[in-house]
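One-letter residues, chain by chain:
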2 protein chains.
Amino acid sequence: MTPQRTLRIALLGAGSVGSQVARLLLEHGEELSERSGARLELAGILVRDPDAPRDTELPRELLTTDAEALILGADIVIELMGGIEPARSHVLAAIRSGADVVTGNKALLATHGAEIFEAADQVGASVSYEAAVAAAIPIIRPLRDSLAGDRIVRIFGIVNGSTNFILDSMDRDGLSAQEAQRIATELGYLEADPTLDLEGYDAAQKAAILASLAFHTQVSFEDVHREGIESVTADMIADARRAGYVIKLLAICERLSDPEGGVSVRVYPALIDREHPLATVHGGNNAVFVEAEAAGPLMFYGAGAGGVQTASAVLGDVVSAARRHLAGGVGVGESARQSLSLAPIGRITTRYQITLEVEDLPGVLATVAGILSEEGVSVATALQTVEGEDSATARIVIGTHRASEQALSDTVARLAESSVVQRVVSVLRVEGE
Amino acid sequence: MTPQRTLRIALLGAGSVGSQVARLLLEHGEELSERSGARLELAGILVRDPDAPRDTELPRELLTTDAEALILGADIVIELMGGIEPARSHVLAAIRSGADVVTGNKALLATHGAEIFEAADQVGASVSYEAAVAAAIPIIRPLRDSLAGDRIVRIFGIVNGSTNFILDSMDRDGLSAQEAQRIATELGYLEADPTLDLEGYDAAQKAAILASLAFHTQVSFEDVHREGIESVTADMIADARRAGYVIKLLAICERLSDPEGGVSVRVYPALIDREHPLATVHGGNNAVFVEAEAAGPLMFYGAGAGGVQTASAVLGDVVSAARRHLAGGVGVGESARQSLSLAPIGRITTRYQITLEVEDLPGVLATVAGILSEEGVSVATALQTVEGEDSATARIVIGTHRASEQALSDTVARLAESSVVQRVVSVLRVEGE
């Protein structure tokens, strides 16, 4: 079957993902056209410098620096430039011109999602962004379409491959944080400026996108409680291992079940039982648990990064957009906003594992336990050990029962001030139970 | 937002899934309407006997036996009757009347899929069937849309919850096949007639649907090579456990890479390494691996059965169909057929694990090894043990390297005829490596 109609595709950006998208569009053009029902013609590729050296060879005649002409002549615009501007202006221009948009730009969606979806709704264009979260793992479409008839309770997973690679290397190979980061940089898991990954910004952007979709509520990146892995040391990972845990950077979006309701969206490193499926997510992989009222728990797993893997998600969106374009009618807008309130971190309940160095004197454990009791935090496990033979320092590891984050952080603050506590070694939440 | 337009929904069937769909449509009507952009009105429920007792209470005034009137008045028809007729006629009537169809009927799609999709293409109606495979796990939509721009190489998974429950009970609780089946029946995992599950028909139907979608090739249920779990004994499971394996009923759809090409679609019980993620799929759960050229390996995991879980998938399709209905335009047809050839089972390559009882005499292992060598099958592992102290019988377990299924089955046939072999205890393929 040779489709009669031609759809013109504009590609904005030719980085690691963009160049793979271009290659696959050119190499698999016939197959993709058959599936779309229209000939997909790569009309041009917007680049900053057409003569810059590239890893993947791209036809010179397709490269252009004229964004306006390229966008105005396109039926489908693929935006893979990253960053806010000029990506935002280009996406809005594409929507206004009646094109369907496919983007992998999580920063853009997590900050200007509302503006973009509203613009698309007004003209009936579609905006697809499967590539923005967890690379090739289909998670956006399952949330938006497959689970559209269900009520999502919780999303919970590893959505940043770089930090997972680092934490996994520290856990499995006993590397220090510095060594693990160096290898991650060498292997291309970390950017030259690793802040976005290490400090949890990237995971928080993805959490904002997932929460917006799952709870039909506009969640902006700034609303996400964010803690990165900068403070996670090799010692903390070794301690976790001895206690049967592994440390993972988690993104958690949940509907709160207390009477006040609302949702909590947060990113932090947490302890996960080694028997939990998320503990077996190694290297740069991602895995996302989705719990819905009717469907129960579902898990999605796969590569969380990589140019060609992400290109797969982009092309899936392109084929869907092409089918829609041919079928006619307007794009399916983002679901009506429920505007659930966002709960501050203090309102969630969780479990803490608190490691303290204390004076090795009689009565210290009783003092520590007394502080927890006064704050209404119940102790689940307690372990006291002496550091060395002649040491005057003992170590206490306390695992709490579930309590409000506020009570737990107040407890830690009081412990830090207590005269018997020499040092708060680490405080980690325990998740996945 | 109160949507202005109303879409009338006809529900055919009020069994365990249908009654949950009705309940959720009635209870969550407002939320579903907001997400759809139209008021979803349950217009009626087709049942055989409106006065029959039901687990879930349904409004008596919605129950009807008049299929024709119900279907003709509907915008969206949900078919959850199961079986071929009258489901097929009702679905075709719904399509002809311009309704969108949502079905969970795997038997219907695996035998009459081509006819139904063709009818839908002709009038521009949509046919959705997320519930037909792996209940609430989104797998149909990811294959059809998210991976539409990629080339799927292999699908590989546990798609029948009943047999997984039985095999898992035998493995974890040491039950006999009979005991495990009895419990599965008590818990509702097995139908009164368990043949469909035990003999692999249900898994083969799902494999046909997945392969059709993944390879853009019409695969009918009759084309699927099918072996069930009837011959799997507690001894085989105990042997597997000792060797570090677990036995799972697998559905495998793969593109063959040999020069002849084509695809292989098959269902059989196989040995899986206990470290493999599929080995940890317990109870009635399902898990499906999808390997695509660009995306790499992906895994989808969740409940593989259950009324309310399956209802979640049905309602996801209903909301999507409603959005499409409102957006206008024609339904997105099934992707153009590639018509890849279906390879007979003999052409695939796999690994066998062969357990034999042989006479405990010198030279027997050499004779056995000689037969394998003559058939061109290379031995990876061999273990000979004597059964009891005074036994004249020894047991040989041979794991082969990868070889063609034809060579392997020829080898087993020759071993069975050999004078030194008393009994072929079991022959199982090894997968997931």
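Rules and cut-offs
- Residues numbered from 1 in each chain as written.
- Chains lettered and ligands numbered in written order.
- Predicted model: local features only at pLDDT ≥ 70, side-chain atom pairs only at ≥ 80, totals over all residues.
- Heavy atoms only, no water.
- Helix = DSSP H or I, 4+ residues; strand = E, 2+ residues; numbered from the N terminus.
- Pairing = 2+ DSSP bridges.
- Least-squares fit on C-alpha atoms with pLDDT ≥ 70 in both.
- Contact = heavy atoms within 4.5 Å.
- Buried area = accessible area lost by both parts, 1.4 Å probe.
- Salt bridge = Lys/Arg side-chain N within 4 Å of Asp/Glu carboxyl O.
- Polar contact = N/O pair within 3.5 Å; in protein donor to acceptor, adjacent residues only side chain to side chain.
- Nonpolar A, V, L, I, M, F, W, Y, C, P; charged D, E, K, R; others polar.
- Phe/Tyr/Trp six-rings, centres within 6.5 Å; stacked < 30°, edge-to-face > 60°.
- Buried < 20%, exposed > 50% of the residue type's maximum accessible area, 1.4 Å probe, protein only.
- Lys NZ or Arg CZ within 6 Å of the ring centre and 35° of its normal.
- Core = buried A, V, L, I, M, F, W, Y, C linked by side-chain atoms within 4.5 Å.
- Axes fitted to C-alpha atoms, helices over the stretch in contact; angles between N-to-C directions.
- Parallel < 35°, antiparallel > 145°, perpendicular 65-115°, else oblique.
- Left-handed = near helix turned anticlockwise from the far one by under 90°.

Chemist: Would you mind going over unusual backbone geometry in detail, with residue names and values included?
Modeler: The amide bond that connects E85 of chain A to the next residue, P86 of chain A, takes the cis arrangement and shows omega of 5 degrees. Looking at where P86 of chain A falls in the secondary structure, it is placed in the loop between strand 4 (76–79) and helix 4 (87–96). Phi is positive for A134 of chain B, close to 60 degrees, though the residue is something other than glycine. Position of A134 of chain B relative to the elements: it lies in the loop between strand 6 (127–128) and helix 6 (140–146).

Chemist: I'd love a proper account of the sheet that holds strand 2 (residues 39–46) of chain A, names of residues and values included.
Modeler: Strand pairing in a sheet relies on backbone hydrogen bonds. The paired strands run either parallel or antiparallel. All names here are of chain A. The parallel open sheet is built from six strands, whose spatial order is 3-2-1-4-5-6. Since the sheet does not close on itself, it has two edges, and those belong to strand 3 (63–64) and strand 6 (127–128), each with one partner. As judged from the four bridges shared by strand 4 and strand 5 (residues 100–103), these two strands associate in the parallel manner. Looking across to strand 5, one finds that I78 is bridged to V102.

Chemist: Tell me about the relation of the copies chain B and chain A, residues and numbers included.
Modeler: Superposing chain B onto chain A requires a rotation of 180 degrees together with a translation of 0.0 Å along the rotation axis, leaving an RMSD of 0.0 Å. As the rotation angle and translation indicate, the two copies are arranged about a two-fold axis. Most of the interface of chain B is mirrored in chain A, where 100% of its interface residues again form contacts.

Chemist: Give me the interface of chain B and chain A: which residues, what numbers.
Modeler: Across the boundary between the two partners, chain B contributes 48 residues, which contact 48 residues of chain A. Summing the contributions of chain B and of chain A, the shared interface buries around 4100 Å²; its carbon and sulfur component is 54%. When the buried area of chain B at its contact with chain A is split by residue, R35, S146 and R323 of chain B rank highest and sum to 15% of it. The interface formed by chain B and chain A contains four salt bridges. Taking the shortest distance from any N to any O, the salt bridge between D145 of chain B and R323 of chain A comes out at 3.2 Å. Our enumeration of links across chain B and chain A arrives at 16 residue pairs in polar contact (both at pLDDT 80 or more). Per element, the largest residue contribution to the side of chain B that touches chain A is nine residues, and it comes from helix 12 (residues 307–327) of chain B. Across the side of chain B that touches chain A, the residue classes tally to 24 nonpolar, 13 polar and 11 charged. The sheet contact formed by strand 12 (residues 296–303) of chain A and strand 12 (residues 296–303) of chain B spans five bridges and is antiparallel. In the sheet register, L298 of chain A faces strand 12 of chain B, and the bridge partner there is G302 of chain B.

Chemist: Residues and numbers for the packing of aromatic side chains, please.
Modeler: Per the stated rule, a full pass over the model turns up nine aromatic pairs over all chains. A ring pair is formed by F300 of chain A and F300 of chain B, whose centres lie 6.0 Å apart and whose planes are at 80 degrees; its orientation type is edge-to-face. With F300 of chain A in strand 12 and F300 of chain B in strand 12, the pair connects residues from two separate chains. Each member of the pair, F300 of chain A as well as F300 of chain B, carries the same accessibility label: buried. One cation-aromatic arrangement involves R429 of chain A over Y268 of chain A; the distance from NZ or CZ to the ring centre is 4.0 Å. Here the guanidinium or amino end of R226 of chain B rests over the ring plane of Y201 of chain B, the centre of that ring lying 3.8 Å away.

Chemist: Could you give me a rundown of the environment of R141 of chain B, with the residues and numbers involved?
Modeler: Mapped onto the fold, R141 of chain B is located in helix 6. In this structure R141 of chain B comes out as buried when scored by relative accessible area, which is 7%. Residues R141 of chain B and D317 of chain B, spaced 176 residues apart in sequence, show a C-alpha to C-alpha distance of 9.4 Å. The contacts of R141 of chain B, once residues within four sequence positions are left out, are R141, D145 and S146 of chain A together with E130, S146, G316, D317 and S320 of chain B.

Chemist: Lay out the nonpolar core with the relevant residues and their values.
Modeler: Residues I139 of chain A together with I139 of chain B are the most contacted members of the largest nonpolar core, which totals 164 residues. When near neighbours in sequence (up to four residues on either side) are disregarded, I139 of chain B contacts E130, V133, A134, L210, V288, V290 and F300 of chain B. Within the second largest apolar cluster, 36 residues are counted, among which are A343 and I348 of chain A together with Y268 and A279 of chain B.

Chemist: Kindly report on the sheet that holds strand 5 (residues 100–103) of chain B, identifying the contributing residues and their values.
Modeler: Residue and element names in this part refer to chain B. Ordered by their spatial adjacency, six strands build an open sheet running 3-2-1-4-5-6, and the pairing between neighbours is parallel. Each of the sheet's edge strands pairs with one partner strand only, and the pair in question is strand 3 (63–64) and strand 6. Most of the contacts of helix 12 go to strand 5, to which it runs at about 170 degrees, and overall it touches strand 1 (6–12), strand 2 (39–46), strand 4 (76–79), strand 5 and strand 6.

Chemist: I'd like to hear about the packing of helix 2 (residues 29–36) of chain A against helix 12 (residues 307–327) of chain A, residue by residue, with values.
Modeler: Residue and element names in this part refer to chain A. Packing of helix 2 against helix 12 leaves a shortest axis separation of 9 Å and a crossing angle of 45 degrees. Our classification of the angle between helix 2 and helix 12 gives oblique. With respect to the hand of their crossing, helix 2 and helix 12 are arranged in right-handed fashion. Contact residues: L32, R35 and S36 in helix 2; L315, V319, A322, R323 and L326 in helix 12. Partitioning the contact of helix 2 with helix 12 into residue classes produces five nonpolar, one polar and two charged.

Purely spatial values, then, with no claim about function.
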